[in-house]
Every structure is written in structure tokens, then in C-alpha cells.
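Chain and residue survey
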Amino acid sequence: MTVVFSGCGIAGAMHFGDTRTPGNRPAAAAVTRMSAALAHRGPSGDGLWQEPGVVLGHRRLAVTGVGAAGDQPMTRDHLTIVYNGETYNAPALRAELSAYFTFTSRTDTEVVLRAWQHWGAEAVHRLEGMFAFALWDARSRQLSLVRDRIGIKPLYYHRGKDFLVFASEIEALLASGHVPRRPDHEILARHLLCSSTLQIDQSATLVEQVRALPPATILALSPDGRQAEHVYWRLPDAPAERRPVSAAEGARELAGLLGDSVDSMLMGDVPVAAFLSGGLDSSAITALASRTRTLPCVTTAYGDGTDPSDEGNEDLPYSRKVARHLAGRVRHHVSVQPNALGLKDLDAVCDLAAVGDDPRHVAILGNYRAVRDLGLRVVLNGQGADEIMGGYVARPGFIRHILDVRRPDPSTLRSLPASRQVPGLSSRLLALQPQAHADVLSYYRDVLTGPPLERVHRLLVHTQLSRVVQFEDFLAMRMSVEARFPFLDHRLVAWSFQQPFGTHVNASARRGKVLLTAAMRGTLPAELLDRPKAVFPFPDMRTVQASLAALVTEHHAELHDDPLVSSLFAIPADPAPVGPRTLWPLLALWRWHHKLRTPAHAPASV
């Protein structure tokens, strides 16, 4: 039995009150423009549906062959849905719901729609996967916007006087012509002062009057414009929901949960690749996924040719060892990325949801391009394990700036936000630093639960992990590729925080992911399991610095003439001695502001 799956982009608008009254409201043309701006998320097709008071648009990325029965927007009886994502347990739900409904497609979209029809909003508790969708109920004339538990799939919205517009990306939202193209200066300041990975308000965006639907949230809109938000899932609290297990039992349980998660993301006959860094997380996923199929794997390396050397590419020898260990089960591909960066690279990774603060995003985009060039549309990604299982405790910066696990004392957290601050900010912006840092520390101290080490990782899940999946989804969809994250199955995430967090960490050895390492004994070579924690590789930073300095010199006048950039950065007269930690965010902010102010689609009357 072939099952159909697709990743997509969605957009839409709802009008409040008397829809017969003329006004400055989004019409079908506005939603069509938003949908067109999402073409990269869904190059396989598009659809538009409307009735008085609501317009829904959809772009489809077909992972396998799709017939007309799977077209979106999809209407069944009084419900219409536009859906982006994957519900991995759709076959089981379809079997259960077949007692009540006749299914006319093999899509998980129809399963989600029928689940909502049968169970109402409680259906979200039965969905396992990553998703963002909008569902219109013609009987109640209510629109529901829904986002998955971890927030892997994005959804943004803007509310006007008598309407609401939504889309999968902010750039598409702006294409409606109904959203001001202005930065939110307060949020932008916090973004630069505490880094994009330490933003505690998950609904705030850098664009004025644009909100992000938070993870695990249902936003219900009534015909009269009343708006209600409901959070349907949270990380389990400590210590009330603890269920301690022995180390051996914990390793077995984790192996089972991760294996089930990987299997669910290999559903049907969908061709899938995997990223293979040679680290524990990606290697575990590769080993488990290759049990039942030959798996293409992609490793990042930097160089000028097609056959890079191990020198300067720390991941490459380890990834090759994993490939040899799994000989016959994987096809290893090396994605060679250049060290020098140009203006087109900054523009390619520019997401209006966040000013890019990491030049490695260019190589990550290159990874997704490599998957696309292999003729594949789906890739397994190892992100998430470090945040939920203590992986960063092995990193010197984590110990120095966040928490010393030998002496867990909240006072060591005082330098947490400052350690992420961008150098070279203007004195006007730095004057806001104390309050921005105090807010992060207050969130850590007053909102999160558990002992200090666990609390830090809860902070990472709520802030850093949200940013990680945000840019991974954005970059993947730039290449029309769907990224799937086995470590972010919500059951595995919850299980990780139901253990006493110390079981994930060997404090004396400063090693995290202890249970994961034990779970992979016998599956991966010992040399790999004992490898120190490494991060996604950086390019040669001397080359990066030189190329960024050349860009600042070339565009010095434009940087000075940009009022936002010149108010937030002290633009260096001579960028040659300035480090990339300053030059990259400086240039990234300039390109972000340029993209914000420059309509990608000509405005049309509505």
C-alpha cells in the first residue's frame, strides 16, 4: 500500500463581522500573492479556496506521486483544511477512523481533517508528527490555526482591524500587501543583545505587527473576531512526573523510542537521505534508518575541490568510519562548501524571522542543496538531542558561560546572555542590555522548573531549539526539501525530561547524552561513541573574515545610509582587523532590512 505524504506552504485570510461591508480586507488576490511567495515550499502545485469571510491558499511539495484526491485546500463535509507537515501515525489513525468515514485519498491531510471532525480540537493529542495547519469550520464559521508540539513547522500571522492573515513565512505574509514593512525595534534589540537563540517570547518576531503562533498552540478565531489561544502540550514538570529507571533500563527504553521514531519517519516507500556528521546523533539515526534500506548520507566539508581532505574537516574522517562500519547499507556523499562568502550567500540564508548570526547557515543550506541534487525530497536530521539530553555539557563554552556541572549554582548563569552578545553594537543599543539580560535570567529562575542543570536545558528547548528548527525548516524549504527530526518526536522529548536529568550527564567526565551513548553500544563503533562532542563545522574563519571585510568595504556607503544598521552598529571604518562575529551580523542585518523593505511581488489592488 503506497502512502502519500507532502510538505507544503500554507496561507490564508479571515474577515470578521459583516463580510458584505466593503473595506481594506485581504481578498483572493492577496492570498494568491502570499501563496506565490511560498512557491519554493511547494513547487509541485498550488490551490485556492474561498467562501464569504475566508480564503485559504496552499502550495504542495509532493514527496511521492499525488493525485487530485489529495489536492489542497481540502474540503470534507463542513470542514476545509490547508496543512503543512507530516503526521507519522496517519496510517493507524486512518484505520481507526475508517469505521466512521470513507477516505478518498492516501494523504495524512485527510486523516487530520477527519480526526478533527471526529474528536474536535482534542484530535491534536492523537497526532504524532510535525505540522502547522489552518482549519475552517463552515458550521461555526470558526478558523483554527494549529502548530505542532515542538514548533518544527512555522506559522505567522498579522491581525488588522477586521481581518487576520497567516502564512508559513513572514516574507509571504508581507506579500499580502496588508502588513507594514517595519522592524519591531524592541524585539530586534533583544535579538542582538541576547542572540537569536535566547529569545524567551516565542510569539514575538522582528517585524512589527507580525506574530508567530507558539509551539503546541491552537488559535481559535470566531466570526466576530474574538481570539482564544490554547496550549495543548508542555514539557513534563519536575519532580512530580518523575519515573526513575536504572541506567540499563533507560538505555533500552531510549533505544526503543528512537528506533520507533526513525521508523515512523521512513513511512511507506518514501526515498529518504540522512545527514551524517560522524557525531553520535546523526550516526545513531543513520545506523537505525539503514536497517531496512540503503540510505544516501550527506556530510559537510569545506574546500575548493570535489575531493576534500580530512585536514581542516574534523567531521569527515568520522563520517567515513561510520560509512565503512555500515558498509553496504549507506551511500556516502560529501557536500563540499566554499570557505569564502559573498553577498548572494547572505541573501540566500536571509529569513525575515531572524537576523542570521551564524555563517555556518550557508553550509547548512548547501547540505540541503546536496540532498535536492541527489533527486531526494526528504532528509533525516539529528538536531535536538543535545538540548534534551545534556549534550552541550562537554563544550567548554557551555561550562564557562552557562553552568559548571561540578558546582551547580544559579549564580554562574549571570554571564549567560552576555556570552552570546554580538560585538560592535552601538552605545545606544548597549544601554538596553541590562534589562534584556535580566529578563532572560528571570525566565530561567522564575518560570522554568528543576535543578540548575535541568533548568538550563529547559531554557535551551524553549529558546535555542526553537531557533534551530526555525532555520533548519527555512533552509530546507529553500531547496524544496523536507527535514525530519527523529530526536524531536514529542514522546522521546517528554521521556528525556521525565528522567532525573543527571542520568543524562556524567558530571565528573563532563559528558552528556550518557543514556544515548549506552543505547548505541553494539550498534556504532566504540571510537565514535567515545568521540568528544563537536558542533557543526565552521569554515576557515580567516577566509570568512577576509571575504566579509571586503563586502563591508565595498558597501560601506550603503551600510552608513541604512538608518537601522547605522543606529544599531558602530560601522568600522577599517573592517580588515574586525572579526566575523561582528561583520557577519552587521552585513546580515543590512540584508535583512533590505529584504524587509523591498517587496518581492508588486502590490496589487484588493
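A short tour of the structure in this document, coming up. If you're wondering where the values come from, they're calculated on a predicted model, not measured in any experiment. (Residues numbered from 1 in each chain as written. Predicted model: local features only at pLDDT ≥ 70, side-chain atom pairs only at ≥ 80, totals over all residues. Heavy atoms only, no water.)

**Topic: helix H7 (residues 280-289)**
Counted only if it meets this: Any residue under 20% of the maximum accessible area for its type is buried, any over 50% is exposed, and the rest in between are partly exposed; the area is computed with a 1.4 Å probe on protein chains only. Secondary structure follows DSSP: runs of H or I at least 4 residues long count as helices, runs of E at least 2 residues long count as strands, and numbering of each begins at the N terminus.
The buried fraction of H7 is high, at ten of ten residues. Within H7 the residues assigned to the buried category are Leu280, Asp281, Ser282, Ser283, Ala284, Ile285, Thr286, Ala287, Leu288 and Ala289.

**A short note on helix H3 (residues 108-119)**
The criterion, for reference: How far a helix is expected to stretch is found by multiplying one less than its residue total by 1.5 Å. Residues count as neighbours in contact if any of their non-hydrogen atoms are within 4.5 Å of one another.
For H3, built from twelve residues, the straight-helix expectation of 16 Å at 1.5 Å per residue is met to within 8% by its first-to-last C-alpha distance of 16 Å. Of all twelve residues making up H3, nine are buried, and the element is well covered by its neighbours. Those residues of H3 lying buried are Asp108, Thr109, Glu110, Val111, Val112, Leu113, Arg114, Ala115 and Trp116. Looking at the buried residues of H3, the elements they touch are strand S4 (74-76), strand S5 (79-87), helix H2 (90-97), strand S6 (129-137), strand S7 (142-147) and strand S11 (217-221). The first or second residue beyond H3 is Gly120, which carries a positive phi of 70 degrees.

**Re the side chain of His58**
Let me state the cut-off plainly: For this analysis, a polar contact is any N or O atom pair within 3.5 Å, provided that within protein one partner can donate a hydrogen and the other can accept it, and provided that sequence-adjacent residues contribute only side-chain to side-chain pairs.
You can see His58 is positioned in strand S3 (residues 54-62). In terms of polar contacts, His58 uses its side chain to reach the side chain of Gln72, at 3.3 Å. The contacts of His58, once residues within four sequence positions are left out, are Cys8, Gly9, Ile10, Ser35, Gly45, Asp46, Gly47, Gln72, Pro73, Val82 and Tyr83.

**Observations regarding the pattern of salt bridges**
Formally: Whenever Lys or Arg places a side-chain nitrogen within 4 Å of a carboxyl oxygen from Asp or Glu, that contact is recorded as a salt bridge.
A full pass over the atoms with the stated rule returns 35 salt bridges. As a salt-bridge pair, Asp373 and Arg372 come within 3.3 Å of each other at their nearest N and O atoms. For Asp373, a relative accessible area of 55% puts it in the exposed group. Salt bridges linked by common partners bring Arg41, Lys153, Glu169, Glu171, Asp473, Arg478 and Lys595 together as one network.

**So, the sheet that holds strand S13 (residues 273-275)**
To keep things clear, this is the line we draw: Think of it this way: DSSP has to see at least two bridges between two strands before they count as a pair. For helices, the fitted line uses only the C-alpha atoms of the stretch in contact; every axis is such a line through C-alpha atoms, and the angle between N-to-C directions lies from 0 to 180 degrees.
Spatially, five strands are ordered S15-S14-S13-S16-S17 in an open sheet, and the strand pairing comes out parallel. Single-partner strands in this sheet number two, and they are strand S15 (330-337) and strand S17 (482-484). The sheet shows a mean angle of 30 degrees between the axes of neighbouring strands, direction not considered. Looking at chain direction, strand S16 (residues 378-380) and S17 are connected through three bridges and run parallel. Within S17, the residue paired with Val379 across the bridge is Ala483.

**Quick word on the pairing of S11**
Burial of S11 is extensive: five of the five residues sit out of reach of the surface. Alternating positions in S11 separate into two faces, Thr217, Leu219 and Leu221 on one and Ile218 and Ala220 on the other, with burial throughout. For S7 and S11, the ladder comprises four bridges, and the chain directions are antiparallel. Along S11, the bridge assignment pairs Ser144 with Ala220. In the sheet, S11 pairs with strand S12 (residues 227-231) via five bridges, with the strands oriented antiparallel.

**A few points about the packing of helix H6 (residues 247-264) against H7**
The cut-off we apply is this: Any angle from 65 to 115 degrees is called roughly perpendicular, while one under 35 is roughly parallel, one over 145 is roughly antiparallel, and all others are oblique. Handedness of a crossing follows from how the near helix is turned relative to the far one, being left-handed for an anticlockwise turn of less than a right angle and right-handed for a clockwise one. The classification used treats Ala, Val, Leu, Ile, Met, Phe, Trp, Tyr, Cys and Pro as nonpolar, Asp, Glu, Lys and Arg as charged, and all other residues, Gly among them, as polar.
Where H6 contacts H7, the axes come no closer than 9 Å and their chain directions differ by 65 degrees. Taken together, H6 and H7 sit at an angle that is classed as roughly perpendicular. Between H6 and H7 the crossing geometry is right-handed. For the pair H6 and H7, the contacting residues are Leu258, Gly259 and Val262 in the first and Ala284, Ile285, Leu288 and Ala289 in the second. Here the contact of H6 with H7 is composed, by residue class, of six nonpolar, one polar and no charged.

**Some thoughts on the packing of helix H10 (residues 361-373) against helix H16 (residues 464-478)**
Where H10 contacts H16, the axes come no closer than 8 Å and their chain directions differ by 50 degrees. On the basis of their axis angle, the class for H10 and H16 is oblique. Like other packed secondary-structure pairs, H10 and H16 cross with a definite hand, here right-handed. Judged by residue contacts, His361, Ile364, Leu365 and Tyr368 of H10 engage Arg467, Phe471, Glu472, Leu475, Ala476 and Arg478 from H16.

**Section: the packing of aromatic side chains**
Basically, it comes down to this: Only the six-membered ring of Trp is used, alongside the rings of Phe and Tyr, when aromatic pairs are assigned; centres must lie within 6.5 Å, and planes under 30 degrees apart are stacked while those over 60 apart are edge-to-face, with the rest tilted. Placement of a positive charge over a ring is assigned whenever Lys NZ or Arg CZ falls within 6 Å of the ring centre and within 35 degrees of the normal to the ring plane.
Taken as a whole and assessed by the stated rule, the structure comprises five aromatic pairs. Ring plane angle 90 degrees and centroid distance 6.0 Å describe the contact between Trp116 and Phe133, whose orientation is recorded as edge-to-face. Of this pair, Trp116 sits in helix H3 while Phe133 sits in strand S6; the two residues are 17 residues apart in sequence, bridging distant segments of the chain. Neither residue differs from the other here; Trp116 and Phe133 are each classed as buried. Here the aromatic residues Tyr83, Trp116, Phe131 and Phe133 are joined through ring pairs into a cluster of three or more. In this structure, Arg94 is placed above the aromatic ring of Phe103, and the distance from its NZ or CZ to the ring centre is 5.8 Å. Over the ring of Tyr318 we find Lys321; its NZ or CZ atom is 5.2 Å from the centre of that ring.

**Overview of the environment of Leu341**
Turning to its location among the elements, Leu341 is positioned in the loop between S15 and helix H9 (343-348). For the pair Leu341 and Leu551, spaced 210 residues apart in sequence, the C-alpha separation works out to 9.2 Å. If we skip the residues at most four places from it in the chain, Leu341 touches Pro359, Val362, Val544, Ser547, Leu551 and Trp584.

**Examining the layout of surface pockets**
Condition: Cavities and pockets were defined on a 1 Å grid built over protein atoms only: a cavity is a set of grid points that admits a 1.4 Å probe from which the probe cannot escape, a pocket is an open set flanked by protein on both sides within 12 Å along at least five of seven lines, and lining residues are those with an atom within 4 Å of any such point. Grid points are joined across faces, edges and corners, and a volume is the space filled by probe spheres set on the points.
Roughly 590 Å³ of volume is contained in the second largest pocket. Around the second largest pocket, the lining comprises 24 residues; the ones closest to its centre are Gln202, Trp233, Arg234, Tyr443 and His462. Every element with two or more residues in the lining of the second largest pocket is listed here: helix H14 (433-447), helix H15 (452-462) and H16. Looking at which element gives the most residues to the lining of the second largest pocket, the answer is H15, with three residues. A per-class count over the lining of the second largest pocket returns 13 nonpolar, six polar and five charged.

**Quick notes on the nonpolar core**
Quick note on the threshold: In these notes, a set of buried Ala, Val, Leu, Ile, Met, Phe, Trp, Tyr and Cys residues joined through side-chain atoms within 4.5 Å is what counts as a nonpolar core.
Ranked by size, the top nonpolar core spans 165 residues in total, and within it Phe133, Tyr368, Leu380, Leu516, Met520, Leu589 and Trp592 carry the most contacts. Sort the elements by how many residues they give to this core and helix H23 (residues 580-597) lands first, with nine residues. Residues in contact with Leu589, not counting those within four places in the same chain, are Leu188, Val355, Leu564, Val565, Leu568 and Phe569. Of all hydrophobic cores here, the second largest spans 19 residues; its members include Val82, Ala132, Leu145 and Leu164.

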